[in-house]
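# Analysis of the macromolecular model
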2 protein chains.
Amino acid sequence: MASKDRILRLKEETRVNILDAALLIGKQEGWQALSMRKIADIIEYTAPIIYEYFANKEAIMMELTKKGYCILAKAMKAAKEAQDTPAKQLEALWITYWNFAFTEKELYQLMFGIEVNCCVFEKSIPEIEGPANMLTASIKEVMGNKNPTEDEVCKWYYTFWSIVHGLISINHVRQSVPDGINEQVLKDAIAGIIQAIKE
Amino acid sequence: MASKDRILRLKEETRVNILDAALLIGKQEGWQALSMRKIADIIEYTAPIIYEYFANKEAIMMELTKKGYCILAKAMKAAKEAQDTPAKQLEALWITYWNFAFTEKELYQLMFGIEVNCCVFEKSIPEIEGPANMLTASIKEVMGNKNPTEDEVCKWYYTFWSIVHGLISINHVRQSVPDGINEQVLKDAIAGIIQAIKE
DNA sequence: ACCTTTGTTTAACACTGTTAAATTATTTAA
DNA sequence: TTAAATAATTTAACAGTGTTAAACAAAGGT
């Protein structure tokens, strides 16, 4: 019976509509504002219907996470194929990763557990500057004999901060970083950057 | 009147109790489980009195964030003073930062907007491995002539991932990264790591 | 026409942050 | 000591959340 197919197609369509609605809310209002009733509003149903398609709210976010990984993988594949040497390919892969994180900002936040809501203050909390000031001061000292520009110090500060914070974040959300890798990456990176700063 | 002082002291005490209770819940159940009524339960009051001490829930988390920065600053100060050369000091600062992120894991997550709840699946989503596989494969290719061990490839993979993800995270939660720094850090880091891989 | 299955909604439960009103306790004044 | 004023605390409520069970309506098959 063809009507069965039509109904299946309709069901698949509302499944997609649910995901689209959820992504829309995530983009417009942030993930913390995502609610089942808001999704229901957009797809013009009542909330319980969503549970016919997804086990719960988290399952919807999981599906979007999956979608994010697919989009990212596709973009990376294309980027790699556009280059000829291995080194260029590797660079292109990471540039693509970087670009994805901003063109699909909300998906990236979902995929890697980044919260934007709290601690966006920045101003109004002087304590935030304590560690930052100490680090930039220390970097300046290491570069003492070379009269570095403010921009250069800033660059090294963010280079340090990025790798340390990045490694921490990865460890916090995923506990499966292979044994010993943390120490190796951290030690080598710090030593490497200090070396690069000096010369 | 001394009774005024006693009352002020009591008020200060419950203020501290509120913060302690909030931190306890954050540590035991995660920040997403923090609620005003749970705090009230612990300090043996009802929820509305918390609003005599803090404007709202976010203000409590802000205060804990501030506390986190103070603890971190203090530890970093001590770490720096324990070293004599600028290079050693710089290294000690970052090691201290790293250690803080794990000994005060929950505070760190509050300070830098790390969500742990979602996307902790890891298993059960094969899509997650697509990008990872492409990147490690590409790294292997760049190292093609040197027969690298699995561990070495893994190290470089995490080195790359950490710095890129770290820089992205920082940009997502704080929009105040100075102009041009992103490009500089990203480009130099990628080039530097590829260089280090090759030699 | 009736029965069964499916799709959909309503109502409810146990929560959440937050506020206003009511209540209790404490301090002050007479 | 008692009465009034003030402060401390709680209760009740509102609007929202995720989720489930029951009620209802629509369609399908016999």
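Up top you'll find the structure we're talking about.
First, a word on scope: everything that follows refers to the structure included in this document. (Residues numbered from 1 in each chain as written. Chains lettered and ligands numbered in written order. Predicted model: local features only at pLDDT ≥ 70, side-chain atom pairs only at ≥ 80, totals over all residues. Heavy atoms only, no water.)

## Remarks on the protein's contact with DNA strand C
What counts, and what does not: Nearness of a residue to a molecule or strand requires only that one of the residue's heavy atoms be within 4 Å of it. Definition of a polar contact: a pair of N or O atoms within 3.5 Å, with one able to donate and the other able to accept a hydrogen when the atoms are protein atoms, and with sequence-neighbouring residues admitted only if both atoms are side-chain atoms. Only DSSP runs of H or I covering at least 4 residues are called helices, and only runs of E covering at least 2 are called strands; the numbering of each starts at the N terminus. Under this grouping Gly is polar, as are all residues other than the nonpolar Ala, Val, Leu, Ile, Met, Phe, Trp, Tyr, Cys and Pro and the charged Asp, Glu, Lys and Arg.
The full set close to DNA strand C counts 15 residues, and T46 of chain A together with S35, M36, R37 and Y51 of chain B are the nearest of them. Within 4 Å of the protein, the contacting atoms of DNA strand C are drawn from sugar and phosphate to the extent of 53%. In the model, a phosphate oxygen of DNA strand C is placed 2.9 Å from a nitrogen or oxygen of the M36 of chain B main chain. Note that a phosphate oxygen of DNA strand C is positioned 2.9 Å from one of the backbone N or O atoms of K57 of chain B. Counting residues per element, the surface near DNA strand C draws most heavily on helix α2 (residues 36-43) of chain B, which supplies 3 residues. Its residues placed into classes, the surface near DNA strand C shows 7 nonpolar, 3 polar and 5 charged.

## As for the environment of T65 of chain B
All names here are of chain B. The condition is simple: Buried means the residue's accessible area, taken with a 1.4 Å probe over protein chains only, is under 20% of the maximum for its type, while exposed means over 50%, and partly exposed covers the values in between.
Within the secondary structure, T65 sits in helix α3 (residues 57-81). The exposure class of T65 is buried, given its relative accessible area of 0%. In this structure the C-alpha to C-alpha distance between T65 and M111, which are 46 residues apart in sequence, comes to 5.2 Å.

## So, the relation of the copies chain A and chain B
Applied cut-off: The copies were overlaid with a least-squares fit restricted to C-alpha atoms from residues scoring a pLDDT of at least 70 in each copy. Residue contacts are defined here by distance: any two heavy atoms, one from each residue, within 4.5 Å place the two residues in contact.
When chain A is fitted to chain B, the residual RMSD is 0.0 Å, and the transformation amounts to a turn of 180 degrees plus an axial shift of 0.0 Å. In symmetry terms, the pair is related by a two-fold rotation axis. Of the interface residues in chain A, 99% have counterparts in chain B that sit at the interface too, so the contact is made through matching surfaces.

## Here we look at the interface of chain A and chain B
To keep it simple, the criterion reads: Accessible area, probed at 1.4 Å, shrinks when two parts are joined; the buried area is that loss added up over both. The working definition used for a salt bridge is a side-chain nitrogen of Lys or Arg within 4 Å of a carboxyl oxygen of Asp or Glu.
With 84 residues of chain A at the contact, the number on the chain B side is 84 residues. Approximately 8,700 Å² of surface area, both sides summed, lies buried where chain A meets chain B, with 76% of it carried by carbon and sulfur atoms. When residues of chain A are sorted by the area they lose upon contact with chain B, W94, W98 and H172 of chain A head the list and together hold 10% of the total. Connecting chain A to chain B are 4 salt bridges. With a shortest N-O distance of 2.7 Å, D188 of chain A and K155 of chain B are connected by a salt bridge. Where chain A touches chain B, the interface holds 14 residue pairs in polar contact (both at pLDDT 80 or more). Contributing elements (two or more residues each) for the side of chain A that touches chain B: α3 (57-81), α4 (86-103), α5 (105-112), α6 (129-142), α7 (150-173) and α8 (181-198) of chain A. A total of 20 residues in the side of chain A that touches chain B trace back to one element, the largest contributor, which is α7 of chain A. Here the side of chain A that touches chain B is built from residues that sort into 53 nonpolar, 17 polar and 14 charged.

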